[in-house]
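Chain by chain, the residues run as shown.
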Amino acid sequence: MLCETRGDLMGVTAGERCVLVPTMGALHPGHLRLIETARATGGPVVVSVFVNAEQFNDADDFNRYPRDLEADVAAARAAGADAVFAPATQEVYPDGADAVDARLPGVASGKGLEDDGRPGHFLGVVRVLRRLFSLTACRAAVFGEKDWQQLLIARAIAKGVEIVPHPIERDPDGLAMSSRNRHLSAQEREEALAIPAAVAAASDQGTVSEAESVMGSIIHDAGGRVDYATVRHAVTLDVLPGDTQRQDTDRPPARILVAADFGGVRLLDNAPWPAA
Ligand code: AMP
C-alpha cells in the first residue's frame, strides 16, 4: 500500500495503467472525494504524497506545512486508493530539481495571479508534475478545481495523461477545504468566510469591474488582505474588459478567481461567472 520507490509502486500496479491523485498530504475530506473520482475513472488508484519544496516560495510555509503520512495512508486506503506513493526527494529529483524541464505553459505566467503572488511556485509545480507523471506512468490524473490555475497548467503539460477535473469541495459553512485551514483560529476562520461570500456576491454583479470591486470590498472589510479578486477568461486567464457583461452570451467563458490572506494563511477560491 505505502510505496516509497518507483519499483515498489510498479509491484502494486502490476502493469495496469493507473489513475494518479497528486497531493501534498494532510488529506482532508476534499482529497478523499478526488480519490473516489479516480476510482470511478478506472484502473488502480495511486495517491502521491509529496511536499514539494520546489513549489514553496516561503521557507516558513514549507516548514509548517502539515505532515501526517500514517493518517494519510489510512484515509487514502479507506477512500479506495490502491497505493500511496510517498517518495523521498532523491527519488523525485535524483539529479536535482534543476535537471527537470521547467518550461512553463503560457497560462502560468504574466497574469497578475498566482505567479505574481508566489513567484517561482508554478516552476516547482510543473517540475514535480512532470516527474510524478513519469515515475507513476499513470494514464490519467485527477486535479481539484480549487487550484484552477494548476489544473490548466496540468492540462497544458500532460502529454498523453488524461486530466480529470474534480469540483471544489467545501465545508458546510462554505469555505473551500484546504490543508491550510487548520492554521486558522476560530475567529480568522469566521472572517475568512468573506471569501466564499465575495465569490457569491460577484456572481450577481452585472459587469466584470462591478464584480471585482464588490469582492475587494467584502474581503477587505472582513479584515482580509486581497492578493487578487478578479474575473478572467476561464481558459486563457486573460484579463477581460471591465465593462464585460455577465449576461452577454457572446463573451468568452469567465471565471472568478480569488486569493486572500487571513491571519497569515493564504486561501484560494474560484467559481464560474456567473455561478453554474
Ligand atoms: P494539495 O495537497 O492541497 O496540493 O491538493 C492536492 C489536490 O487536491 C489538488 O488537485 C487540489 O486541487 C485538490 N484539492 C485540494 N483541496 C480541494 C478542495 N477543497 N476541493 C477540490 N479539490 C481540492
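Here the structure is shown first, and the text comes after it.
Colleague: So, helix 10 (residues 194-203): which residues are in play, and what are the values?
Modeller: Helical geometry: 3.6 residues make up each α-helical turn, so side chains three or four residues apart lie on a common side. Among the ten residues in helix 10, eight count as buried, and that is most of the element. Listing the buried residues of helix 10 in full gives Ala-194, Ile-195, Pro-196, Ala-198, Val-199, Ala-201, Ala-202 and Ser-203.

Colleague: Requested: an account of the sheet that holds strand 8 (residues 254-262), with residues and values cited.
Modeller: With respect to topology, three strands assemble into an open sheet ordered 7-8-9, the strand pairing being antiparallel. Two strands bound the open sheet, and with one partner strand each, they are strand 7 (225-233) and strand 9 (265-273). Between one strand and the next, the sheet's axes are offset by a mean angle of 10°, whatever the strand orientation. Sheet topology places strand 8 next to strand 9; nine bridges connect them, and they run antiparallel. Its bridge partner being in strand 9, Ala-260 is matched across the sheet by Leu-267.

Colleague: Tell me about the environment of Phe-85, residues and numbers included.
Modeller: Following the sequence through the fold, Phe-85 ends up in strand 4 (residues 83-85). Each C-alpha atom, one on Phe-85 and one on Ala-97, is 19 Å from the other, the two residues being twelve residues apart in sequence.

Colleague: Before we move on, can you summarise helix 4 (residues 69-79) with the specific residues and values?
Modeller: Where helix 4 is concerned, the buried positions are Asp-72, Val-73, Ala-76 and Ala-79. Looking straight down helix 4, one finds that the buried residues subtend no more than 135° of arc, so they occupy a single side. Across from the buried face of helix 4, at angles greater than 90 degrees, the exposed residues are Glu-70, Arg-77 and Ala-78. Residues of helix 4 that are buried make contact with strand 1 (2-3), helix 2 (29-41), strand 3 (45-49) and strand 4. Gly-80 lies just past helix 4 and shows a positive phi near 110°.

Colleague: Got a sec to walk through the side chain of Arg-266? Specific residues and values, please.
Modeller: Its location among the elements puts Arg-266 in strand 9. There is a polar contact of 2.8 Å between the side chain of Arg-266 and the side chain of Glu-114. A distance of 2.9 Å separates the side chain of Arg-266 from the side chain of Asp-227, its partner in a polar contact.

Colleague: Describe the environment of Ile-219, naming the residues involved and giving the relevant values.
Modeller: Tracing the sequence through the fold places Ile-219 in helix 11 (residues 208-221). Judged by relative accessible area, Ile-219 falls into the buried class, the value being 0%. Each C-alpha atom, one on Ile-219 and one on Arg-182, is 20 Å from the other, the two residues being 37 residues apart in sequence. Residues contacting Ile-219, with those up to four places away along its chain left out, are Ala-194, Ile-195, Ala-198, Gly-224, Val-226, Val-258, Ala-260 and Phe-262.

Colleague: Describe the state of the cysteines, with residues and values.
Modeller: The tally for this structure, following the rule as stated, stands at one disulfide. Two residues share a disulfide in this structure: Cys-18 and Cys-138, whose sulfurs sit 2.1 Å from each other. Disulfide Cys-18 to Cys-138: torsion about the S-S bond roughly -110°, handedness left-handed. Of this pair, Cys-18 sits in the loop between helix 1 (6-13) and strand 2 (19-23) while Cys-138 sits in the loop between helix 7 (121-136) and strand 5 (140-144), placing them 120 residues apart in sequence. Given the relative accessible area of 1%, Cys-18 is considered buried. For Cys-138, a relative accessible area of 4% gives the class buried. Left unpaired, Cys-3 is separated from the closest cysteine sulfur, that of Cys-18, by 11 Å. A relative accessible area of 2% places Cys-3 in the buried class.

Colleague: So, the pairing of strand 9: which residues are in play, and what are the values?
Modeller: The buried fraction of strand 9 amounts to eight of the nine residues, a majority that puts the element mostly inside the structure. In this antiparallel pair of consecutive strands, strand 8 and strand 9, the connection spans two residues, and Gly-263 shows a positive phi of 60°.

Criteria and cut-off values
- Residues numbered from 1 in each chain as written.
- Predicted model: local features only at pLDDT ≥ 70, side-chain atom pairs only at ≥ 80, totals over all residues.
- Heavy atoms only, no water.
- Buried < 20%, exposed > 50% of the residue type's maximum accessible area, 1.4 Å probe, protein only.
- Helix = DSSP H or I, 4+ residues; strand = E, 2+ residues; numbered from the N terminus.
- Pairing = 2+ DSSP bridges.
- Axes fitted to C-alpha atoms, helices over the stretch in contact; angles between N-to-C directions.
- Arc of directions from axis to C-beta.
- Contact = heavy atoms within 4.5 Å.
- Polar contact = N/O pair within 3.5 Å; in protein donor to acceptor, adjacent residues only side chain to side chain.
- Disulfide = S-S within 2.5 Å.

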